[in-house]
Amino acid sequence: MTDTSPASNARNYPLLASPHIQLYGPVNEAMYATFKDQLAAAPGDGPLVLSLTTLGGDPEMARAMGDSIRLLRDYTGRETLFLGKVAVYSAGATLMAAFPADSRFLTKNSRVMIHERQMQSTIQLNGPLNSLSWTLKAKLHEIEDSINIQNEGFEDLIRGTRVTMEQLLEKAPANWYIEAEEARSLGLVLDVI
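The following paragraphs examine the structure supplied in this document. (Residues numbered from 1 in each chain as written. Predicted model: local features only at pLDDT ≥ 70, side-chain atom pairs only at ≥ 80, totals over all residues. Heavy atoms only, no water.)

## Description of the packing of aromatic side chains
Piece 1. Applying the stated rule across the entire model yields four aromatic pairs.
Piece 2. Here Phe82 and Phe99 contribute two aromatic rings whose centre-to-centre distance is 5.4 Å and whose plane-to-plane angle is 50°, an arrangement assigned as tilted. Here the residue Phe82 occupies a position in strand β3 (residues 80–89), and Phe99 occupies one in the loop between α4 (91–96) and β4 (104–106), the gap between them amounting to 17 residues.
Piece 3. Note on Phe82: relative accessible area 0%, which makes it buried.
Piece 4. What makes Phe99 buried here is its relative accessible area of 2%.
Piece 5. Positioned above the aromatic ring of Trp134, the side-chain terminus of Lys137 is 4.7 Å from the ring centre. (Phe/Tyr/Trp six-rings, centres within 6.5 Å; stacked < 30°, edge-to-face > 60°. Helix = DSSP H or I, 4+ residues; strand = E, 2+ residues; numbered from the N terminus. Buried < 20%, exposed > 50% of the residue type's maximum accessible area, 1.4 Å probe, protein only. Lys NZ or Arg CZ within 6 Å of the ring centre and 35° of its normal.)

Here it is, written out as structure tokens:
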């Protein structure tokens, strides 16, 4: 019989004990700068481990870090591993999506939170009537493109998992909180340590 206690389970993944890149706090330009510095200082070969704890932040900064991870993997064939600790919320899930589902891990009692992208905007209509429709169309195009970007990220997040896009789109508007064990059962992560 195999011992599946959290302690022995962690021993199955010794690389996760010392992440090369350790990120925490809001996903923003400061986190991106820290990410770039730690990535540059990481060993040039072997698996690369990134750990993250965040309540969320700027999804574009998360996408930029994720692109760096994807490009590293694509150009070098290097294995990249994700370890979510405590909270992987919002933009954190966006960064997690850059890693294949079978390369993602969560620490026990962690949570992932997935939601739709947010927008807060005021439209000022001022000027000749013939130009006002262009202002509205431009905002509509911004919303439509943001939805496309959101859904591309959702597809990356659920690729190789048991979560369907329909399930995700149903749950995301109300902030879908997923406990570590549920994330494992859904295939969003390989394992919980």
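Having seen it, we continue.
## Focus: the nonpolar core
Piece 1. Within the largest apolar cluster, 41 residues are counted, with the highest numbers of intra-cluster contacts made by Leu23, Leu50, Leu52, Leu95, Val112, Ile114 and Ile178.
Piece 2. Examining the composition of this core, we find that five residues originate from one element, helix α3 (residues 59–76), more than from any other.
Piece 3. When sequence neighbours within four positions are dropped, the list of residues in contact with Leu52 reads Leu23, Met31, Phe82, Leu83, Gly84, Lys85, Ala87, Val88, Gly92 and Leu95.
Piece 4. Grouped together as the second largest cluster of nonpolar side chains are seven residues, Leu16, Val49, Leu81 and Ile193 included. (Core = buried A, V, L, I, M, F, W, Y, C linked by side-chain atoms within 4.5 Å. Contact = heavy atoms within 4.5 Å.)

## Regarding the pattern of salt bridges
Piece 1. The tally for this structure, following the rule as stated, stands at nine salt bridges.
Piece 2. Here Arg117 and Glu60 are joined by a salt bridge, their closest N and O atoms 2.7 Å apart. Note that Arg117 is positioned in the loop between β5 (111–114) and α5 (129–158) and Glu60 in helix α3, a separation of 57 residues in sequence.
Piece 3. Given a relative accessible area of 27%, Arg117 falls into the partly exposed group.
Piece 4. With relative accessibility at 30%, the residue Glu60 sits in the partly exposed group.
Piece 5. The partner of Asp74 in a salt bridge is Arg70, and the shortest N-O contact between them spans 3.2 Å. With Asp74 and Arg70 both in helix α3 and four residues apart, the pair spans about one turn of that helix.
Piece 6. Taking the relative accessible area as the measure of exposure, Asp74 reaches 53% and is therefore exposed.
Piece 7. Assessed through its relative accessible area of 34%, Arg70 is described here as partly exposed.
Piece 8. Several salt bridges share partner residues, and in doing so they unite Glu60, Arg63 and Arg117 into one network. (Salt bridge = Lys/Arg side-chain N within 4 Å of Asp/Glu carboxyl O.)

## Considerations on unusual backbone geometry
Piece 1. Phi at Ser90 is positive, roughly 55°, even though this residue is not glycine.
Piece 2. As for its placement among the helices and strands, Ser90 is situated in the loop between β3 and α4.
Piece 3. The class of Ser90 is buried, set by a relative accessible area of 18%.
Piece 4. Backbone geometry places Asn175, a non-glycine residue, at a positive phi of 60°.
Piece 5. Here Asn175 lies in the loop between α6 (165–171) and β6 (176–179).

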